[in-house]
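Examination of the molecular architecture
Each chain, letter by letter, is given below.
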Amino acid sequence: MRYRIGVDLGGTNIAVGVVDEEYRILGRGKIKTRAPRPAEEIAADMASACRMALSEAGLTEADVEWIGVGSPGIIDPVAGLVEFSNNLDFHHVPLRRLFSEATGKPVFLENDANVAAFGEALAGGARGFSDVVALTLGTGVGGGIIIGGKIYAGSNHAGAELGHVGMVYGGLPCSCGHSGCVEMYCSVKALIRQTREKMRARPDSAMWQMCGGDIEQVGGRLAFQAQRAGDEAAGEVVRQYIDYLGYAVTNFISIFQPQIVLIGGGISHEGEPLLGPVRAYVRAHRLFENAATRVEAATLSNDAGIIGAAFLGI
Ligand SMILES: [Zn+2]
């Protein structure tokens, strides 16, 4: 059996797993990222987290073939650089070299959303599919594209930013500098904004009682919960949100014609009440009647980044 290590380097945590050839995580390590701080220190803590994971797995460094890292930001996997990461405050950081020096192992580096999509394609909701579009609906909207079983990131390694594809001309301004981005309509943050707007317009909505009368307490699940409880205004929020998401997914299907679109992140836990109507939207609006792209939920959650990273060397 061969073992590899996957590192999910986040703005908050460094999460590490020792992964075997069957995509099983045998041991884990976790350390706070405490960004911003010097990249050498973060690389040293990533190496410590790897040692924790190896010890839990009952293995040693000699058992490890290579280490893969998924990092936020714009990554140049060929040069091994984090070109820019807002979350880590990294500018042109040679993370592959620093981490390889800290561990004595070959290191592979990729963007975290791309790595998570790769993990889902290898071992998760898109297992067995070679052409995959993955959307993660979190605070923002992350995107990953797998074509022919490989990560597609474009010529500047900055592609697959599906959250920053425009979908409303002249729409809401986005932090990226563009406007009307998918992220402004399909993220958890967007859903919370849409929920609050509806509540202000509908003082009769049960959503008010469900959040204790405090609009600041509104989370991404409230509209779905209130819809299930029969609240009409909540149903309108959910239907509008699903229309936005269906619109975005239909666009991505028209561009890539993947075998499967995977929806991940917190909102994907809503399951069929979310996915069923998105599939219906896609069926009603797709370009090719016979195209049969599936729309499913991601299954690996945070482990997708660890498993995908561990297999970057294949
Ligand atoms: Zn944007």
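First things first, this report covers the structure right here in the doc. (Residues numbered from 1 in each chain as written. Predicted model: local features only at pLDDT ≥ 70, side-chain atom pairs only at ≥ 80, totals over all residues. Heavy atoms only, no water.)

A few words now on the nonpolar core. By size, the foremost hydrophobic cluster in this structure holds 45 residues, and its most contacted members are Cys-186, Met-207, Tyr-241, Leu-245, Val-249 and Ile-263. Elements supplying a minimum of two residues to this core: strand S9 (132-137), strand S10 (141-147), helix H4 (183-186), helix H5 (188-201), helix H7 (222-228), helix H8 (232-256), strand S12 (260-264) and helix H9 (272-285). Counting residues per element, this core draws most heavily on H8, which supplies eleven residues. Not counting the four nearest positions on each side in its chain, Leu-245 is found in contact with Leu-135, Leu-137, Cys-186, Leu-274 and Val-278. By size, the runner-up hydrophobic cluster in this structure holds 31 residues, among which are Ala-43, Met-46, Ala-47 and Cys-50. (Core = buried A, V, L, I, M, F, W, Y, C linked by side-chain atoms within 4.5 Å. Buried < 20%, exposed > 50% of the residue type's maximum accessible area, 1.4 Å probe, protein only. Helix = DSSP H or I, 4+ residues; strand = E, 2+ residues; numbered from the N terminus. Contact = heavy atoms within 4.5 Å.)

All right, on to H5 then. Over its 14 residues, H5 runs 20 Å from end to end, which matches the ideal 20 Å to within 8%, given 1.5 Å per residue. Within H5, the full set of buried residues consists of Val-188, Ala-190, Leu-191, Ile-192, Gln-194, Thr-195 and Met-199. In this structure, the buried side of H5 is in contact with S9, H4, helix H6 (207-210), H7 and H8. (Expected span 1.5 Å × (residues − 1).)

Protein-derived coordination of the zinc ion comes from His-164 (ND1), Cys-174 (SG), Cys-176 (SG) and Cys-181 (SG), at a distance range of 2.0 to 2.4 Å. For the zinc ion, the four donor atoms are set out with angles of 103 to 125° between them, so the coordination reads as tetrahedral. Counting residues between consecutive donors of the zinc ion along the chain gives the motif H-x9-C-x1-C-x4-C. One end of the pair, His-164, is in the loop between strand S11 (150-151) and H4; the other, Cys-181, is in the loop between S11 and H4, and 17 residues separate them in sequence. By relative accessible area, which is 23% here, His-164 ends up partly exposed. (Donors = N, O, S within 2.8 Å, 3.2 Å for Na, K, Ca; no water. Tetrahedral: all angles 85-135°; square planar, octahedral: opposite > 155°, others 65-115°.)

Summarising burial for strand S8 (residues 107-111): four of the five residues are buried, a large majority. Relative to S8, strand S4 (residues 64-71) runs parallel, the two sharing five bridges. Counted as the bridge partner of Gly-68 is Phe-108 from S8. (Pairing = 2+ DSSP bridges.)

This brings us to the side chain of Thr-33. You can see Thr-33 is positioned in the loop between strand S3 (25-32) and helix H1 (39-57). By relative accessible area, which is 0% here, Thr-33 ends up buried. Contacts of Thr-33, omitting those with residues within four sequence positions, involve Leu-9, Gly-10, Gly-11, Thr-12, Asn-13, Ile-14, Ile-42 and Leu-88.

Take empty space enclosed by the protein next. The tally for this structure, following the rule as stated, stands at one cavity of 30 Å³ or more. Considering only enclosed or pocket space, the largest cavity measures out at about 70 Å³ in volume. Along its surface, the largest cavity is lined by Ile-5, Ala-47, Cys-50, Arg-51, Leu-54, Glu-61, Val-64, Ile-67, Ala-102, Thr-103 and Lys-105. Listing elements by their share of the lining of the largest cavity, those giving two or more residues are H1, S4 and helix H2 (95-103). Ranked by residue count, the leading element in the lining of the largest cavity is H1, at four residues. (1 Å grid on protein atoms, 1.4 Å probe; cavity = no way out; pocket = protein on both sides within 12 Å on 5 of 7 lines; lining within 4 Å. Points joined across faces, edges and corners; volume = space filled by probe spheres on them.)

Further remarks concern the layout of surface pockets. Here the second largest pocket defines a volume of roughly 250 Å³. Along the walls of the second largest pocket sit 14 residues, with Phe-108, Glu-110, Ile-151, Leu-312 and Ile-314 positioned nearest its centre. For the lining of the second largest pocket, the element with the highest residue contribution is S8, accounting for four residues. Lining the lining of the second largest pocket are residues from two domains, each supplying at least three of them: domain 1 (3-122 + 303-310) and domain 2 (128-297). (Domains from an automatic or database assignment.)

In this structure, the amide linkage connecting Ala-35 to the following residue, Pro-36, adopts the cis form with an omega of 0°. In this model, Asp-89 sits at a positive phi of 55°, which is unusual for a non-glycine residue. Mapped onto the secondary structure, Asp-89 falls in the loop between strand S6 (81-85) and strand S7 (90-93).

One open sheet accounts for five strands, arranged S11-S10-S9-S12-S13; its pairing is mixed. Lying at the two open borders of the sheet, with one neighbouring strand each, are S11 and strand S13 (294-297). Bridge count for S12 against S13 is four bridges, and the pairing is parallel. Bridging from a neighbouring strand, Ile-260 pairs with Arg-294 of S13. Its contacts with the sheet place H9 against S12 and S13, and it is angled at close to 165° to S13. (Axes fitted to C-alpha atoms, helices over the stretch in contact; angles between N-to-C directions.)

Before going further, it helps to examine the packing of aromatic side chains. With the rule as written, the count across this model stands at three aromatic pairs. Summarising the aromatic geometry, the rings of Tyr-23 and Phe-311 are spaced 4.8 Å apart at their centres and angled 50° between planes, so their arrangement reads as tilted. In this pair, Tyr-23 sits in the loop between strand S2 (13-19) and S3 while Phe-311 sits in the segment after helix H10 (303-310), placing the two residues 288 residues apart along the sequence. Measuring from ring centre to ring centre gives 5.7 Å for Trp-66 and Phe-108, while their planes differ by 75°; the resulting arrangement is edge-to-face. Within this pair, whereas Trp-66 is found in strand S4, its partner Phe-108 is found in strand S8, the two being separated by 42 residues in sequence. The class of Phe-108 is partly exposed, set by a relative accessible area of 31%. (Phe/Tyr/Trp six-rings, centres within 6.5 Å; stacked < 30°, edge-to-face > 60°.)

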